[in-house]
Structures are given as structure tokens and as C-alpha cells.
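# Summary of structural features
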Amino acid sequence: MYLTTRRSSNIFRYLFRDWARSLRKTLVRATYEEIVERGSIPRATIVFTDHERMSPDLLGLARQLWDQVSPHCRALNNPHTVLTRVPLLHSMFEAGINEHRAFRPDDVPADLRYPVFVRGANDHLGPRTDLLEDREALERALVRLAVQDDPCDDLLVVEYEDCRGGDGCYRKFAAFRVGDAIIPRHQIVGDHWALKVVSPHFATRAEEECSYANENPHADQAMRAFEIAGIEYGRIDYGWVDGRIRVWEINTNPTVMSDLYRTKRSRRPLQRLFLERFLAAMADLETTPEGPDIPLAFHAPTLPR
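The following paragraphs examine the structure supplied in this document. Values in this document were obtained by computation on a predicted structure and should not be read as measured data.

## A look at the packing of aromatic side chains
Overall, the coordinates contain 14 aromatic pairs when judged by the stated rule. When the ring of Phe-176 is compared with that of Tyr-233, the centres are 6.4 Å apart and the planes differ by 80°; the resulting orientation is edge-to-face. Taken together, the residues span a long stretch of sequence, with Phe-176 in strand E9 (residues 170-178) and Tyr-233 in strand E11 (residues 233-241) at a distance of 57 residues. Phe-176 sits in the buried class, given a relative accessible area of 0%. Overall, the relative accessible area of 0% leaves Tyr-233 in the buried class.

## Details of the nonpolar core
As a rule of thumb, nonpolar side chains are buried together in soluble globular proteins. Counting 24 residues, the largest nonpolar core has Phe-12, Leu-15, Val-178, Tyr-233, Val-256 and Phe-278 as the members making the most contacts within it. Secondary structure elements with two or more residues in this core: helix H1 (13-19), E9 and helix H8 (268-285). A per-element tally of this core places H8 first, with six residues. With near-sequence residues (within four places) excluded, Val-256 lies in contact with Ile-11, Phe-12, Leu-15, Phe-176, Arg-185, Tyr-233, Phe-274 and Phe-278.

## Focus: the pattern of salt bridges
What the rule picks out here adds up to 22 salt bridges. Notably, a salt bridge pairs Asp-111 with Arg-101, separated by 3.5 Å at the nearest N-O pair. Placement of Asp-111 in the loop between strand E6 (102-103) and strand E7 (116-120) and of Arg-101 in the loop between helix H4 (85-94) and E6 is noted, with a sequence separation of ten residues between them. With a relative accessible area of 17%, Arg-101 lands in the buried category. Salt-bridge contacts for Glu-227 lead to Arg-177; the nearest nitrogen and oxygen are separated by 2.9 Å. Here the residue Glu-227 occupies a position in helix H7 (residues 219-229), and Arg-177 occupies one in strand E9, the gap between them amounting to 50 residues. By relative accessible area, which is 48% here, Glu-227 ends up partly exposed. The class for Arg-177 is buried, based on a relative accessible area of 6%. When salt bridges with common partners are traced through the structure, they connect Arg-17, Asp-18, Asp-259 and Arg-262 into a single cluster.

## Some words on the side chain of Asn-98
By secondary structure assignment, the location of Asn-98 is in the loop between H4 and E6. Residue classification places Asn-98 among the buried residues on the basis of a relative accessible area of 3%. Only 2.7 Å separates the side chain of Asn-98 from the backbone nitrogen of Val-247, close enough to count as a polar contact. With residues up to four places along the chain from it excluded, the contact list for Asn-98 reads Leu-89, Met-92, Phe-93, Arg-246 and Val-247.

## What about the sheet that holds E6?
Strand order across the open sheet formed by three strands is E6-E8-E7, with antiparallel pairing between neighbours. Each of the sheet's edge strands pairs with one partner strand only, and the pair in question is E6 and E7. In the sheet, E6 pairs with strand E8 (residues 155-159) via two bridges, with the strands oriented antiparallel. Paired with Phe-103 across the two strands is Val-157, which belongs to E8. On top of the sheet, helix H5 (residues 135-147) reaches E7 and E8; it is set at about 20° to E7, its chief contact.

Rules used throughout
Residues numbered from 1 in each chain as written. Predicted model: local features only at pLDDT ≥ 70, side-chain atom pairs only at ≥ 80, totals over all residues. Heavy atoms only, no water. Phe/Tyr/Trp six-rings, centres within 6.5 Å; stacked < 30°, edge-to-face > 60°. Helix = DSSP H or I, 4+ residues; strand = E, 2+ residues; numbered from the N terminus. Buried < 20%, exposed > 50% of the residue type's maximum accessible area, 1.4 Å probe, protein only. Core = buried A, V, L, I, M, F, W, Y, C linked by side-chain atoms within 4.5 Å. Contact = heavy atoms within 4.5 Å. Salt bridge = Lys/Arg side-chain N within 4 Å of Asp/Glu carboxyl O. Polar contact = N/O pair within 3.5 Å; in protein donor to acceptor, adjacent residues only side chain to side chain. Pairing = 2+ DSSP bridges. Axes fitted to C-alpha atoms, helices over the stretch in contact; angles between N-to-C directions.

Next comes the structure, spelled out in C-alpha cells:
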């Protein structure tokens, strides 16, 4: 069973619609809110997700749920210990994985290394600003964002790290962890530091992405980052500099498959390779514990409908 917040409950829509319709019967989804209202949960492998999107009340309920189900069945992503973005990036720096730091706007130190950019502390939308070269530019950007109703506690100031390769191109790598497996998801190449999609004039790098998918060259380092984060299911986005990964984020409820009809034919074989590996790893997680549903009791405010 795969648990999400309400607003992210449709994360598998393209997976089920376009790529693996039969999976609807085995990959059961539910929201935390539904489980709280139901008051019980089936005995199954349970994947907790969306930690970075939880309100404090919902996080408290997820922790109570974990305490009640983990003694009886396999559960992944302990909400007591999973690191969301701010503590994650602090931990990556302390562990020597990252050389860039991240701070809440009210906690920016005097020795902040410029340039920096501002992003949401809990979303996956990428940077909210261009690169900012000094303190004055940062303060102007924060004022502008505040006017746009982005409160400071929802923002993060991140030191920029130049991850260009020897050819002058930026590369963003992404890999899933599913239990004990690290599965390469994609490699995006472009000429802009904030990569979200494949740039059209870099689409010819398919051979390079195939090598990444087949060789899985960063698996050990990615697994170490997942272990530090306490995340057993999710997707890591990272760069590669001087033989080491640089972690940007780990999403505990990532999109698994994209819209088939918007996926270029040249990229579909890699998509199917990923899906094959993903399904095999999910099958390895499957358990069939016997017994009735686990009854639940919660001590927290009632969640809004």
C-alpha cells in the first residue's frame, strides 16, 4: 500500500493509464486522511510518502500510524526519521557529500557564499529566482517573493555550486531507490544551471543517457545519501562534480512515469527499461502477512476534509 497526501494522490495516473494498467490491482493507493477516517489498514507492505508536503498535524498522525503498523508489517520511510529538504541539505553538507549549504531566509549567515538562489523549502518546482550575486540582490528577491505571498518560512536560500562538465554542459541525474535497489531514472543535459526538462538541442545525448541507465555508475553514492536521509523509497536528484554526487533534493513521492503521448519515441525504450526495473523492485517489496486489518487509533486534531 502506497500512502500519500490528498493533493498528491494522483501521482500514478500516467503509470496506470499508459504503461501498466494491470498494476492497479496490486499497487493499492490511499491517502493518510482516508486511513485516519477508516480507522484500519490492511496488512501489507506500506510505503509512507509525501513527508515534505505534510502539515505538522498530518505528520503527527503519520508518525502515530507508523508506530501502529510497523510492528505488524513491512513499512518504508519512517516519518519519525525521514529528513525533509532543510535538514537533508544540512546533513549532506555535514557528511561531505555537498559543498553547498542551504538556509532559511532568517538564518542566512554572514559567510554565505554567493551566488545563491531562492527556492521553495517544501516543493519540487525548482528555483524561484535567477542566480543572485550579493546580499543586496538576495534581499530584493526576498521582498519580491514576500509580495507574491511566499512567506519566508516556505523559502530556502541555497548556495550555487557549478556542476558543469568539462564540455561546459550541465547535467542533472535522477535515480529511484525502491527498497534495496537504486534505479537510474534519467540524465538531463543542458546549457542552463537549473535543469528541469530535456533541452531540444541536447536531445542527441541519448547514447550518454543510455550509458547512465545501463551502468548505474553512481549507485553506491546515491544509496549512501538515501541512507543518511532515512529514505527507502523515493527519487534523488543530483549533480556530479570531481567524482562525487551533489544532492539537490530527494522526493519521497515522485512521478513514476510521464505521459506516454508526450514522450518522444526515441526516449520510450529507456522509459520501458526503467519501468521494468521499477516493477521488479516493487515486487521484491511485496509481502503477504496473514491476519485481519490492523485497527488504528489516533490522538490528534481532526483533519479538514
